[in-house]
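Topology and contacts: notes
Residue-level listing of the chains:
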Number of protein chains: 2
Amino acid sequence: MTIKEQAAAMKLDSPLMAVTSAQSRNQALTNVVKQLNENQAQIFAANEQDLAEAQTNHIPEAVMKRLKFTQQKLQAVIEGIEKLVELPDKVFEKQFVRELDKGLTLVKETCPIGVIGVIFEARPDAMVQIASLCIKSGNCAILKGGSETKHTNKVLFSLIYQAAIESGLPKNCLFQAQLRDEISELLACHASVDLLIPRGSNAFVQYIMDNTKIPVMGHADGLCHIYVDKEFDLEKAIPIIIDAKTQYTAACNAVETLLVHKDAADKLMPKLMEAFEEYQISLCASRDLAEQYHCSVAKDEDFATEYLDLMLSAKTVETVEEAVYHINQYGSHHTDCIITENKETAEYFMRMVDSAGVYQNCSTRFADGFRYGFGAEVGISTGKIHARGPVGLEGLLTYKYKLYGNGQIVDDYATGKKTFHFRDL
Amino acid sequence: MTIKEQAAAMKLDSPLMAVTSAQSRNQALTNVVKQLNENQAQIFAANEQDLAEAQTNHIPEAVMKRLKFTQQKLQAVIEGIEKLVELPDKVFEKQFVRELDKGLTLVKETCPIGVIGVIFEARPDAMVQIASLCIKSGNCAILKGGSETKHTNKVLFSLIYQAAIESGLPKNCLFQAQLRDEISELLACHASVDLLIPRGSNAFVQYIMDNTKIPVMGHADGLCHIYVDKEFDLEKAIPIIIDAKTQYTAACNAVETLLVHKDAADKLMPKLMEAFEEYQISLCASRDLAEQYHCSVAKDEDFATEYLDLMLSAKTVETVEEAVYHINQYGSHHTDCIITENKETAEYFMRMVDSAGVYQNCSTRFADGFRYGFGAEVGISTGKIHARGPVGLEGLLTYKYKLYGNGQIVDDYATGKKTFHFRDL
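Think of each chain on its own: its residues are numbered from 1, step by step along the sequence as written. Chains and ligands are labelled sequentially in the order written, the chains with letters from A and the ligands with numbers from 1. It should be noted that, the model being predicted, local features are given only for residues of pLDDT at least 70 and side-chain atom pairs only at 80 or more, the latter also being counted only at that level, while totals for whole chains, interfaces and linings use all residues. The side-chain numbers reported here are obtained from all heavy atoms of the structure, hydrogens and water having been left aside.

Some points on the sheet that holds strand E3 (residues 115-119) of chain A
All names here are of chain A. Counted only if it meets this: One requirement defines pairing of two strands: DSSP has to find at least two bridges between them. Helical segments are the DSSP runs of H or I of at least four residues, strand segments are the runs of E of at least two, and each set is numbered from the N terminus. All axes here are fitted lines through C-alpha atoms, helices being fitted over the stretch that makes contact, and every angle between N-to-C directions spans 0 to 180 degrees.
Strand order in the open sheet formed by four strands is E5-E4-E3-E6, with parallel pairing between adjacent strands. Of all strands in the sheet, those with a lone pairing partner are strand E5 (174-176) and strand E6 (195-198), marking the two edges. Direction aside, the axes of adjacent strands within the sheet are offset by 15° on average. Across five bridges, the pairing between E3 and strand E4 (residues 140-144) is parallel. Counted as the bridge partner of Ile 116 is Ala 141 from E4.

Written out as structure tokens, the structure is:
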């Protein structure tokens, strides 16, 4: 079967997946854990194969690191699934019940989105996490992992699929796309796929966004800012900036641009430059800072650059308003932070900055589904339509309106024979 | 200024619109009512001009009817705005407050989407309703109405804009695009426009969806079904089917296809054919029905046709499962109804049919923001991402995550020095 045929069959079966009981979806997840535990040898052998091929193909060190599936990563994945099992079921939750008129009741009820296509990077743990979130939320999923993990993913998928089927989930609940050219086939499935979640490099995500009619949830860029206000606490500012830059430099929620209030620079910069030297962070900055602290002068495009490296752009600003405008203009609407002791300035910044995450006095690296208490995430969305920020279970749900009547027709209300009374129950 | 420049300026000012007080937004709406009341002569004179030009251009009767702005329509619009003023403000509503750890608090808070582009049909009342919903929800809006209403819209827009500015809303809160070729310019504004809401013919909406990178909310088709189950009440079925077909035949929520359980046909069809004759409704049906009730035989494509006319396709089905599969395959995920006295069959149908509205025993014509008690609607969405069904104020909001800390860094949690405790407050 082609991806298109498979997706069409999945689409028609997706209501069957939606109405599976929470119990059987949780049972499937428990079975996944059992399968993973019992087949470790097979999983790690497949992973060795991927690693050997990666070495032959001279895959970069950073990718190799993500590719390697360790005992520790397996245990983390298993703990994640166990947490997911414990999370309450959100499928078919009533968001409101409204009597429109006597005997005519409107119910707004959550339901799974349907068919979700996920294209993700070469990380074996991603396969398990994403499949688990889709199972828990009652969605069907087409999964396409990075080709460097093909042996590991094949084993993992077959274990997950077996666990799902044994727990009574419908046979079209999960499907693995294994070939690279299947991505373009998947992008054309707008008749059957309700939502695409691409993860990977900026260029890759942008390519997906530009080449499909399917709604896409995710982010291309993660250009995060920290603004140090004039009323800041130095003891908080330095560790936050260092953590946001160095704790995982290649992450989308790492900081890329530092904005400094002109009255904060003299207190902040000397200490910060010491820390930058210690952590080997290079700086390019607006002319005033560059001259005083001996670094290169930032060009306009530097403020639009996501370095994903030990690099940072910096700039002084006259006011918090200027900082907000800079962030809204150059940022990627991902996560931006203000360092200030002034509550009102913080509130102004957090309301005015048009980003999924707006922080006061903490590291931008907190932008993550696990750290938000969502159990897991399928990705982080910088879109403003539907889900925003880290996307957990709720982002995989939509809702429908159910209207229960006993023969009501609109003409009676249009002609004034009857009137609505709108009473929320 | 070009639309692109105007949209970019609006985008940068959209946070200013978002943080206006509920009071000033309501004041603006009250001022709109005042302006409309005081300038009736000017409005109706402009409308006469549009009507005269429409007559010269031989505009179809149906469009002329929508175009004509009567005293009655003006009063309905004013009542709508007054209801909108009374609705509670939903901007900056906390959806949850979660302590991640001591002194680290995550707040999920609603906020306006930002810049909304609305392209709507030649109806003067649409201009006022849409602008009012955007004002109430704190969104900036670019409004493009049908060119046949250009004189009326020009007057209405200037009255609304004046009311908004006098109430202290930012000068870039509303913008009117007046020329037809400005639509393609607007479609290219993905850097500045957060959401597009097109209204109009199926072909027009489909064109918009295919030609922009901006998220689009709305619907192209409205192919609604009524399924008459074997356990149905004839007294309810006939008026519901007639209302759903005739109450406003050209509406998206009118019924187009009738599915009849094989054991319901003998009881339903004779009475229904009488009613069809009375209301001059033509039928094309599956061979069994066509032969027995002397109508044309439906081809496969008839079940994929939105007639928007006094026409109906009909088909017998063996089971409710077959009805569900037919609807999910041929339908447009708009609104579909089951007529049954059996609660379990109803619940099965309503869970399994993958549509924004799933009804039991009432007309599909109830799919409407006003009838759902939303006060007004900007449109009806058949998408499953973000808003679904009639879209009122809540569909014009998104949310952001605000994280309040006092120096927290991620490394402390990554190394196990600190742990999250996730407590919802």
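Okay, back to it.
Observations concerning the packing of aromatic side chains
For the record, the criterion: Pairing of aromatic side chains requires ring centres within 6.5 Å, counting the rings of Phe and Tyr and the six-membered ring of Trp. Pairs whose planes differ by under 30 degrees are stacked, by over 60 edge-to-face, and all others tilted. Two thresholds decide whether a charge sits over a ring: the Lys NZ or Arg CZ must be within 6 Å of the ring centre and within 35 degrees of the ring normal.
This model, assessed by the stated rule, comprises 22 aromatic pairs over all chains. Both rings, one in Phe 44 of chain A and one in Phe 69 of chain A, keep their centres 6.2 Å apart while their planes meet at 45°; by these two values the pair is tilted. Of this pair, Phe 44 of chain A sits in helix H3 (residues 40-56) while Phe 69 of chain A is found in the loop between helix H4 (61-67) and helix H5 (71-86), placing the two residues 25 residues apart along the sequence. Taking the centre distance of 6.1 Å and the plane angle of 90° together, the rings of Phe 422 of chain A and Phe 370 of chain B count as edge-to-face. Of this pair, Phe 422 of chain A sits in the loop between helix H15 (410-414) and strand E17 (423-424) while Phe 370 of chain B sits in the loop between strand E13 (357-362) and strand E14 (379-381), which puts the two residues in different chains. Of the aromatic side chains, those joined through ring pairs into one cluster are Phe 366 and Phe 370 of chain A together with Tyr 413, Phe 420 and Phe 422 of chain B. Looking at Arg 98 of chain A, its charged tip hangs above the ring of Phe 96 of chain A, at a distance of 4.4 Å from the centre.

Topic: the relation of the copies chain B and chain A
Using the following cut-off: In superposing the copies, a least-squares fit is computed on C-alpha atoms, taking residues whose pLDDT is at least 70 in both. Throughout, a residue-residue contact means that at least one pair of heavy atoms, one from each residue, lies within 4.5 Å.
For these two chains of identical sequence, chain B goes onto chain A by a turn of 180° and a shift of 0.0 Å along the axis, with RMSD 0.0 Å. This pairing of chains is accounted for by a two-fold axis. Of the C-alpha atoms belonging to chain B, the one lying closest to the rotation axis is found on His 386 of chain B, 1.8 Å away. A shared interface surface links the copies, since 100% of the contact residues of chain B are contact residues in chain A too.

Let's talk about the pattern of salt bridges
Keep this limit in mind: Salt bridge, as used here, is a side-chain nitrogen of Lys or Arg placed within 4 Å of a carboxyl oxygen of Asp or Glu. Type-normalised accessible area, obtained with a 1.4 Å probe on protein chains alone, sets the label of each residue: buried when under 20%, exposed when over 50%, and partly exposed for intermediate values.
Scanning all chains against the criterion turns up 44 salt bridges over all chains. One salt bridge connects Arg 98 of chain A with Asp 424 of chain A, and the closest N-O pair in it is separated by 2.6 Å. Placement of the pair is Arg 98 of chain A in strand E1 (residues 94-101) and Asp 424 of chain A in strand E17, with a sequence separation of 326 residues. In this structure, the salt-bridge partner of Glu 347 of chain A is Lys 402 of chain B, at a minimum N-O distance of 2.4 Å. Of this pair, Glu 347 of chain A sits in helix H14 (residues 343-352) while Lys 402 of chain B sits in strand E16 (residues 397-408), on two different chains. According to the relative accessible area criterion, Glu 347 of chain A is partly exposed, its value standing at 25%.

Quick look at the pairing of strand E6 (residues 195-198) of chain B
Along a regular strand, successive side chains alternate from one face of the sheet to the other. Residue and element names in this part refer to chain B. Burial along E6 is two-sided: Leu 195 and Ile 197 facing one way and Leu 196 and Pro 198 facing the other are all buried. The pairing of strand E3 (residues 115-119) with E6 spans four bridges and is parallel. Bridging from a neighbouring strand, Gly 117 pairs with Leu 196 of E6.

What to know about helix H14 (residues 343-352) of chain B
The following threshold applies: Contacts described as polar in this section are N or O atom pairs within 3.5 Å, which, within protein, must combine one atom able to donate a hydrogen with one able to accept it, while residues neighboring in sequence count only if both atoms come from side chains.
For H14 of chain B, the complete set of buried residues consists of Thr 345, Ala 346, Phe 349, Met 350 and Met 352 of chain B. Those residues of H14 of chain B hidden inside the fold are in contact with helix H1 (3-18) and strand E16 (397-408) of chain A together with strand E7 (224-228), helix H13 (320-330), strand E12 (335-339) and E13 of chain B. Where H14 of chain B starts, the residue carrying a side-chain oxygen 2.9 Å from the main-chain nitrogen of Glu 344 of chain B turns out to be Asn 342 of chain B.

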